[in-house]
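Chain residues, written in single-letter form:
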Amino acid sequence: MTREVLAFLQPEKGGLFIDCTVGMGGHTLALLEAGATKVIGLDRDPAALRIAAETLSGYGDRVELVHSDYRAIASVLEARGIDRVDGTLTDMGMSSYQLEAEGRGFSFQRDDPLDMRMDTTSGVTAADLLRSADEPEIADAIYQYGEERFSRRIARAIVQAREMAPLETTAQLAAIVRRAIPRHGFSRIDPATRTFQALRIWVNRELEGIDAFLKTVAQHLKTGARLVAMTFHSLEDRIVKHTLRALAPRDGGPLRIITKKPITPQPDELERNPRSRSAKLRAAECVRV
């Protein structure tokens, strides 16, 4: 949704922008090409940052890439003596690179180690969690983060399977989940999809701190500056929606919501990129006086 991002952030006016989830650098490249004076790009995936560095190599000191979780934006800005910025973008979705890269464990399309960490330099893997968590914890995570109604059956099957042999690969997990879920005719999505989504969210603590992050961003926007947040599932979007509402001027906050309803991809983008079908974009403007 690059067109929509540029329309809301208005980088043609120049200024300092923060791409809080720079990924492979596509949005940052668009911001720079459109006229942003400088972009600071954050990402917790070292592999994505290496690709972004190549993509953006021609922009010199107009771009700075930082290995950091976007929720640490306050410390990133403080370390650089930055108080206010001209706009921020946060794309909370996974990149095609992450899904397709070998060895990451995000997809069940190949047999990879059950990792799922966005930051491969720290934290516990999905295999670690499934090895140490008890059955109710696993069931609750799959239900809460994957909205999977068969979460208890799946958790029971996982615990039974790990008693027989270590659960270490995506193929093992996908097979366990598929056997645990009753089949009722044709389904458009693989039975393992919701469980894999849930484990990825659990491993990376993806829903933790989104509200605090948005409040921090609001404190660092110049008057008239805008934030854009893109989400890819309902759990994230719900948090963004309610937090932006809580930051509205009528409640004493500094943000005016400029997307009454979330923006979704246009048909031409869906044709180019079917994975964008679940994307929702919300934007707000700082009206601090």
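All values reported here derive from a predicted model rather than from experimental measurement.

### Topic: the overall build of the protein chain
Line of reasoning, step 1. Across its full length, the protein chain holds 13 helices and seven strands.
Line of reasoning, step 2. By the compact-globule yardstick of 19 Å for 289 residues, the protein chain fits well, its C-alpha radius of gyration being 20 Å.
Line of reasoning, step 3. Its C-alpha atoms give the protein chain principal-axis dimensions of roughly 60 × 45 × 40 Å.
Line of reasoning, step 4. Relative to its 289 residues, the protein chain shows a buried fraction of 51%.
Line of reasoning, step 5. Contacts in the protein chain between residues far apart in sequence, at least 24 positions, make up 68% of those at least 6 positions apart.

### Some thoughts on the side chain of Asp115
Line of reasoning, step 1. Positionally, Asp115 belongs in the loop between helix H5 (96–100) and helix H6 (126–132).
Line of reasoning, step 2. Classification of Asp115 by relative accessible area gives buried; the value is 12%.
Line of reasoning, step 3. Side-chain polar atoms of Asp115 contact the side chain of Arg117, separated by 2.8 Å.
Line of reasoning, step 4. Sequence-distant contacts of Asp115, that is, excluding residues within four places in its chain, are made with Gly103, Arg104, Gly105, Thr125, Ala126 and Val203.

### Some details on the side chain of Gln98
Line of reasoning, step 1. Secondary-structure assignment places Gln98 in helix H5.
Line of reasoning, step 2. Overall, the relative accessible area of 6% leaves Gln98 in the buried class.
Line of reasoning, step 3. In this structure the side chain of Gln98 is engaged in a polar contact, spanning 2.9 Å, whose partner is the side chain of Asp45.
Line of reasoning, step 4. In contact with Gln98, other than residues within four places in its own chain, are Asp45, Arg104, Phe106 and Met118.

### Here's the deal with the environment of Thr90
Line of reasoning, step 1. Relative to the helices and strands, Thr90 is located in strand S4 (residues 85–91).
Line of reasoning, step 2. Separated by 69 residues in sequence, Thr90 and Thr21 place their C-alpha atoms 5.6 Å apart.
Line of reasoning, step 3. Once you skip the residues sitting within four places of it in the chain, Thr90 turns out to touch Cys20, Thr21, Tyr70, Phe213, Val228, Ala229 and Met230.

### Let's talk about the nonpolar core
Line of reasoning, step 1. If you look at the biggest cluster of nonpolar residues, it comprises 66 residues, and the most contacted ones within it are Ile18, Ile138, Ile158, Leu173 and Leu255.
Line of reasoning, step 2. Per-element accounting of this core gives the leading share, six residues, to helix H10 (residues 193–204).
Line of reasoning, step 3. Residues in contact with Ile138, not counting those within four places in the same chain, are Leu130, Ala133, Ala155, Ile158, Val159, Arg162 and Trp202.
Line of reasoning, step 4. Listed in part, the 18 residues of the second largest apolar core include Phe17, Leu31, Ala52 and Val63.

### Digging into the pattern of salt bridges
Line of reasoning, step 1. Under the criterion given, the structure shown has 20 salt bridges.
Line of reasoning, step 2. Ionic pairing is found between Asp128 and Arg131, a salt bridge with its closest N-O pair at 2.9 Å. Taken as a pair, Asp128 and Arg131 lie in helix H6 at a separation of three residues, close to a single helical turn.
Line of reasoning, step 3. Of the charged contacts, one joins Glu135 and Arg156 as a salt bridge, the two residues approaching to 3.9 Å between their closest N and O atoms.

### Details of H10
Line of reasoning, step 1. The end-to-end C-alpha separation of H10 is 17 Å, in line with the 16 Å expected for twelve residues at 1.5 Å each.
Line of reasoning, step 2. Taken residue by residue, H10 has Thr195, Phe196, Ala198, Leu199, Arg200, Ile201, Trp202, Val203 and Asn204 as its buried positions.
Line of reasoning, step 3. Those residues of H10 that are buried are in contact with H6, helix H7 (135–146), helix H8 (151–164) and helix H9 (170–180).
Line of reasoning, step 4. Backbone geometry just after H10 places Arg205 at a positive phi near 50°.

### Details of the pairing of strand S5 (residues 221–231)
Line of reasoning, step 1. Of all eleven residues making up S5, eight are buried, and the element is well covered by its neighbours.
Line of reasoning, step 2. Taken together, the six bridges between S4 and S5 define a ladder with parallel strand orientation. From the neighbouring strand, Val85 faces S5, where its bridge partner is Leu221.

### Remarks on the state of the cysteines
Line of reasoning, step 1. Taken as a whole and judged by the stated rule, the model has zero disulfides.
Line of reasoning, step 2. Unpaired in this structure, Cys20 has its nearest cysteine sulfur neighbour in Cys286, at a distance of 15 Å.

### Remarks on H7
Line of reasoning, step 1. Here H7 contains twelve residues, and its C-alpha end-to-end distance of 16 Å stays within 8% of the 16 Å for a straight helix at 1.5 Å per residue.
Line of reasoning, step 2. For H7, every residue scored as buried is listed here: Ile138, Ala139, Ala141, Ile142, Tyr145 and Gly146. One side of H7 carries all its buried residues, which in axial view fall inside an arc of 165°.
Line of reasoning, step 3. Next to the buried residues of H7 lie H6, H8, H10 and helix H12 (234–246).
Line of reasoning, step 4. At the N-terminal boundary of H7, the capping side chain belongs to Asp134, with an oxygen 2.9 Å from the backbone nitrogen of Glu137.
Line of reasoning, step 5. Count one or two residues on from H7 and you reach Glu147, which has phi positive near 50°.

Here is what the cut-offs are and how they apply
- Residues numbered from 1 in each chain as written.
- Predicted model: local features only at pLDDT ≥ 70, side-chain atom pairs only at ≥ 80, totals over all residues.
- Heavy atoms only, no water.
- Helix = DSSP H or I, 4+ residues; strand = E, 2+ residues; numbered from the N terminus.
- Rg over C-alpha atoms; globule rule 2.2 N^0.38 Å.
- Buried < 20%, exposed > 50% of the residue type's maximum accessible area, 1.4 Å probe, protein only.
- Contact = heavy atoms within 4.5 Å.
- Polar contact = N/O pair within 3.5 Å; in protein donor to acceptor, adjacent residues only side chain to side chain.
- Core = buried A, V, L, I, M, F, W, Y, C linked by side-chain atoms within 4.5 Å.
- Salt bridge = Lys/Arg side-chain N within 4 Å of Asp/Glu carboxyl O.
- Expected span 1.5 Å × (residues − 1).
- Pairing = 2+ DSSP bridges.
- Disulfide = S-S within 2.5 Å.
- Arc of directions from axis to C-beta.

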